[in-house]
Structure formats: C-alpha cells, structure tokens
Amino acid sequence: MQKLFQDFSIPAVFAGFITFLVGISVSSVLVIQSAQLLGASTAQITSWFWALGLGIGLSGLILSWKFRYPVATSWSTAGLALILATANGYSLYEAIGAFLVCGLLTAILGFSGIFQKVLAYIPQSLTSAMLAGVLLKFGISLFASMQNDWGFILSLLAVYVLSKRLSPRYSIVITVIAGIALCPLFLQFHASTIHFSLAQPVWIAPEFSWSAIFGLALPLFVINMASQYLPGLAMIKSYGYEPNVNQLIGWTGAAQTIFAPFGCFSVNIAAISAAISLDDQAHPDSKKRYIAGMSCGFFYILMGLFAATLTSILMSFPGVFITALAGIALLGTIGHNIALAFHQAAEREAVLLTFLFSASGIQFFGIGSAFWGLLFGLVVHFIFKFRTHSSFK
C-alpha cells in the first residue's frame, strides 16, 4: 500500500480518466440500443451498465495492480455491432446465455496458453503498423473537426502545444481542464442536473440454445479476440512491457462469465483507448504508469455503481469535445507506433500495406480492419521473407 501512495500521480489519474472517457463515449448509446433490441427493460439496461462497470473496472484495477503496468479494460464496440445486427434472432435470455458461453471460452483460451503461442509468430513491426493504422482516424478526426469548430480545436491545440513545451508531464491534464473551460465559450454545452442514485443489479436467467451459441457466442468470441485482445496486447508490448497474456485473457474472460447474467456482454483488454494510459504522458517512469490502469478501472466501477448518473453527465459533453480530446491524447501514440513500424527497411513493404489496410476501416464478417490488415501484412511479410531465403540458395 505504501508503494501505491509513492507511485501515485495526478497525470496518471487523468490519463486513466481519459482512457475511461474515450472507452465509454463512443458506444454507450449502442449498449442501450443493443439491450432494447433484445427486449430489456429500463431496470435491466441499468443492470447492463452495472455489470459492465464492475466487471471491466475490477479486472482492470486488480490486473494493473498485480502486474504493475497499465491494463486498461473495456467492452467491445465491434461486439456491440454484432449484437445489434443479430439481436432480432434471439431472446434476451438466449443472448445472456451466449455472453456467458463467450466469457467461458475466453477464460479457457487464456488460461490454456494457446493465444500466447500464436502471438510469438507475429513481428512487432506489423502489430505497430496495425495499431498506427487503427489510431490514425483519431488524429485525422481532430483536424477534420476544424471545419465546423475551428475556434475550439485551435484553442485546444494551442493549449496542448504550449503545455507540452512548458510542462510535458501535465500537458494532458492542462488540456482536459482547458477543454472543459472552453466548452461553454465555443460549443453548445449545458451541464446536466446531477441526481445521485445507486444502480440495482438485475439477475437475467441465461438460456442456452445452439442457434445462439453458434450465431452469437462464437462470432462474439472471434471478434473480441481479433478486434480487442490482439491489438490490445500489441499496444501493451509496444511500450516495452511484457504482457502476461494467459492471465490477462483468462481473468477478463472469467470476469465476463461471472457478470454475464447481469448483462455483461464483454470484458476485454482495451485496444485504442489503452494507449492513453501507456504513454509517457501518464508518467515519465514506465514503472509507475500502472496507476493510470488502476484509475481507469476505478472510474469504470464508479460508472457501474452510479450507472445512470455518471453516464448522463459524461454524455452531456458535445461530441466534438470527446473527438478532440481523444485525438490529442493519442498523438504521441500514433507517432510512437509509426516509428516502431517503419524502423526496419527490409519490412517496410509489409508494414506499409498493414498500416494502410488497418487505417481503411473496412469490415468483413463483422471483424474490423485491424485484424484483416494484420493478416494481409503477415502474408506479404512471409512472401518477402520466403523470397529472401530463396535468393540465398
């Protein structure tokens, strides 16, 4: 506990908060829509947020504390898209059963060590290219927002650049505070009236059917592995940490299994938003950045306990505020991964194709461009590697 207090820092807490904010802001509405399409009542929807908050928050907080590096956890936005696309085919109770099966499969895959063996064959240059490609849209969106809100974006960028120059460690903290202060000046923003009330969990008895297992549980499992765990673990590795792959996948899968009957459809390693907690803006000492992962988990737990209250406050901020904040917070990570990806001249053909494919944003079979970009890059990488080996014979 003493070490925890010694390593505590305000920038790390802010990094954790932004990680949490980016994680929920993009798809909180989709959680509500998914639950409604499955026939959930208002009380059951609140229970979904309760379960997601506690499942994600507890796993992220405990794993960050245990392994001493930021383990940002989140729900799967790609998984939500799958639920939205298939919700009409299943009852709420069948869907809950599918969420439980998906969590159980994830835990088994993690603790058995299969996923870690697969990761050993993937070059870091390609995973960095994949991450840079996926994150690129956030950087572009930051500047694209100037079209309609140039005053707010330029003011926020000015604050960021000056604070980065004068006080790099606190630059994101200063930028967040400035963004909140600038909102009423440049944007249509009205603070929500706060009503505090604890969320009540609702047990939703799972039902198991072959159609839901093959049509929802297995596709959700594949999508989570491809769009969350693969890039999420690559993100942790790109910052010099050696992720405990088996434990991270196993325990997040276990958390999903435990909270599934209350509406928890996924507990995953965060991919994009995790970069904010891993970057040196959280703390210059990489051994102390785990505080950011713990604080992210703490805010998810708060969201779960005060689901309706906290979500309404955060969603009251204009969309451009979230877009700008995410873009600025991820600038360092985009540059970091581009530098890692293109470092080796011999791998640049495969790296470039991975980067562009991942940045395209296309989807096949409900799986995003990150997975397909990496798969395509691996094929190109091995073709060039085979040609190189053949030329020496």
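Quick notes on the rules
Residues numbered from 1 in each chain as written. Predicted model: local features only at pLDDT ≥ 70, side-chain atom pairs only at ≥ 80, totals over all residues. Heavy atoms only, no water. Helix = DSSP H or I, 4+ residues; strand = E, 2+ residues; numbered from the N terminus. Rg over C-alpha atoms; globule rule 2.2 N^0.38 Å. Buried < 20%, exposed > 50% of the residue type's maximum accessible area, 1.4 Å probe, protein only. Contact = heavy atoms within 4.5 Å. Areas by Shrake-Rupley, 256 points an atom, 1.4 Å probe, with all protein chains shown as cover. Patch = residues over 30% accessible without salt bridge, like charges linked within 9 Å, V, L, I, M, F, W, Y side chains within 5 Å. Salt bridge = Lys/Arg side-chain N within 4 Å of Asp/Glu carboxyl O. Core = buried A, V, L, I, M, F, W, Y, C linked by side-chain atoms within 4.5 Å. pLDDT = per-residue confidence, 0-100. Phe/Tyr/Trp six-rings, centres within 6.5 Å; stacked < 30°, edge-to-face > 60°. Lys NZ or Arg CZ within 6 Å of the ring centre and 35° of its normal. Expected span 1.5 Å × (residues − 1). Bend = angle between axes of the 7 residues up to and from the residue. Axes fitted to C-alpha atoms, helices over the stretch in contact; angles between N-to-C directions. Parallel < 35°, antiparallel > 145°, perpendicular 65-115°, else oblique. Left-handed = near helix turned anticlockwise from the far one by under 90°.

Some words on the overall build of the chain
Next, step 1: Along the chain, the regular secondary structure elements total 19 helices and two strands.
Next, step 2: At 21 Å, the chain has a C-alpha radius of gyration in line with the 21 Å of a compact globule built from 393 residues.
Next, step 3: Taken along the three principal axes of its C-alpha coordinates, the chain extends 65 × 55 × 50 Å.
Next, step 4: Burial statistics for the chain: of 393 residues in total, 56% are counted as buried.
Next, step 5: The contacts in the chain between residues at least 6 apart in sequence include a share of 84% that link residues at least 24 apart.
Next, step 6: When the accessible surface of the chain is totalled, it reaches about 17,000 Å², and 69% of it is carbon and sulfur.

Focus: a nonpolar patch on the surface
Next, step 1: A surface patch of nonpolar side chains, about 350 Å² in accessible area, is lined by Phe8, Ile10, Tyr170 and Ile174.
Next, step 2: As for its placement among the helices and strands, tyrosine 170 is situated in the loop between α9 (146-166) and α10 (171-186).
Next, step 3: Look at tyrosine 170 and you get partly exposed, because its relative accessible area is 34%.

Section: the nonpolar core
Generally speaking, nonpolar side chains in soluble globular proteins are found buried as a group.
Next, step 1: Core analysis: the biggest nonpolar cluster contains 125 residues, and Trp48, Trp75, Phe99, Phe115, Phe152, Leu248 and Phe265 have the highest contact counts within it.
Next, step 2: When sequence neighbours within four positions are dropped, the list of residues in contact with phenylalanine 152 reads Gly179, Leu182, Cys183, Phe186, Leu187, Val320, Phe321 and Ala324.

Overview of the confidence of the model for the chain
Next, step 1: Scored by pLDDT, the chain comes out at a mean of 83, with 91% of its residues at no less than 70.
Next, step 2: Predicted confidence in the chain is weakest over helix α15 (residues 307-315), with a mean pLDDT of 66, and strongest over helix α12 (residues 245-259), with 94.

Observations concerning the side chain of threonine 354
Next, step 1: Of note, threonine 354 is situated in helix α18 (residues 348-359).
Next, step 2: Under the relative-accessibility criterion, threonine 354 is labelled buried at 0%.
Next, step 3: Excluding residues within four positions of it along the chain, threonine 354 makes contact with Leu126, Ala129, Met130, Gly373, Leu374 and Gly377.

Quick word on the packing of aromatic side chains
Next, step 1: Scanning the entire structure with this criterion turns up 18 aromatic pairs.
Next, step 2: With a centroid separation of 6.0 Å and 25° between ring planes, the pair formed by phenylalanine 20 and phenylalanine 299 is classed as stacked. Of this pair, phenylalanine 20 sits in helix α2 (residues 10-25) while phenylalanine 299 sits in helix α14 (residues 290-305); the two residues are 279 residues apart in sequence, bridging distant segments of the chain.
Next, step 3: The exposure class of phenylalanine 20 is buried, given its relative accessible area of 0%.
Next, step 4: Seen from their ring centres, phenylalanine 20 and tyrosine 300 are 5.0 Å apart, and the 85° between their planes marks the pair as edge-to-face. Of this pair, phenylalanine 20 sits in helix α2 while tyrosine 300 sits in helix α14, and the two are 280 residues apart along the sequence.
Next, step 5: An aromatic cluster is present here, built from Phe17, Phe20, Phe298, Phe299 and Tyr300 joined pairwise through their rings.
Next, step 6: The positively charged end of arginine 68 is found above the aromatic ring belonging to tyrosine 290, 5.0 Å away from the centroid.

Quick look at α10
Next, step 1: A rise of 1.5 Å per residue sets the reference length of α10, with its 16 residues, at 22 Å; its end C-alpha atoms lie 21 Å apart and thus fit the reference within 8%.
Next, step 2: Where α10 bends most, the angle comes to about 30°, and this point is isoleucine 180, followed within four residues by the proline proline 184.
Next, step 3: Those residues of α10 not exposed but buried are Ser171, Ile172, Val173, Thr175, Val176, Ala178, Gly179, Leu182 and Cys183.

A few points about the environment of serine 28
Next, step 1: Of note, serine 28 is situated in helix α3 (residues 28-37).
Next, step 2: The buried category is assigned to serine 28, whose relative accessible area is 2%.
Next, step 3: Considering only alpha carbons, one finds serine 28 and lysine 385, 357 residues apart in sequence, at a separation of 43 Å.

Looking at helix α16 (residues 319-329)
Next, step 1: Counting buried positions over the eleven residues of α16 gives nine, a clear majority of the element.
Next, step 2: Among the residues of α16, Val320, Phe321, Ile322, Ala324, Leu325, Ala326, Gly327, Ile328 and Ala329 are the ones counted as buried.

Some thoughts on unusual backbone geometry
Only a minority of non-glycine residues have a phi that is not negative, and only a minority of peptide bonds are not trans.
Next, step 1: Phi at arginine 68 is positive, roughly 65°, even though this residue is not glycine.
Next, step 2: Summarising the element assignment, arginine 68 is placed in the loop between α4 (42-67) and β1 (73-74).

Some points on the packing of helix α6 (residues 92-112) against α12
Next, step 1: Between α6 and α12, the least distance of the axes is 7 Å, while the angle of their chain directions is 160°. Judged on the interaxial angle alone, α12 and α6 are roughly antiparallel. The hand of the α6/α12 crossing is left-handed. Where α6 abuts α12, its residues Phe99, Leu100, Cys102, Gly103, Leu104, Thr106, Ala107, Gly110 and Phe111 lie against Asn246, Gln247, Ile249, Gly250, Trp251, Gly253, Ala254, Gln256 and Thr257.

Comments concerning the side chain of threonine 106
Next, step 1: Relative to the elements of secondary structure, threonine 106 occurs in helix α6.
Next, step 2: With a relative accessible area of 1%, threonine 106 lands in the buried category.
Next, step 3: What threonine 106 contacts, discounting residues up to four positions off in sequence, is Phe221, Met225, Tyr229, Ile249 and Gly253.

Some remarks on the environment of phenylalanine 355
Next, step 1: Mapping phenylalanine 355 onto the fold places it in helix α18.
Next, step 2: When the C-alpha atoms of phenylalanine 355 and proline 201 are compared, they prove to be 42 Å apart, with 154 residues separating the residues in sequence.
Next, step 3: The residues touching phenylalanine 355, leaving out its near neighbours within four places in the chain, are Ala129, Ala132, Gly133 and Leu136.

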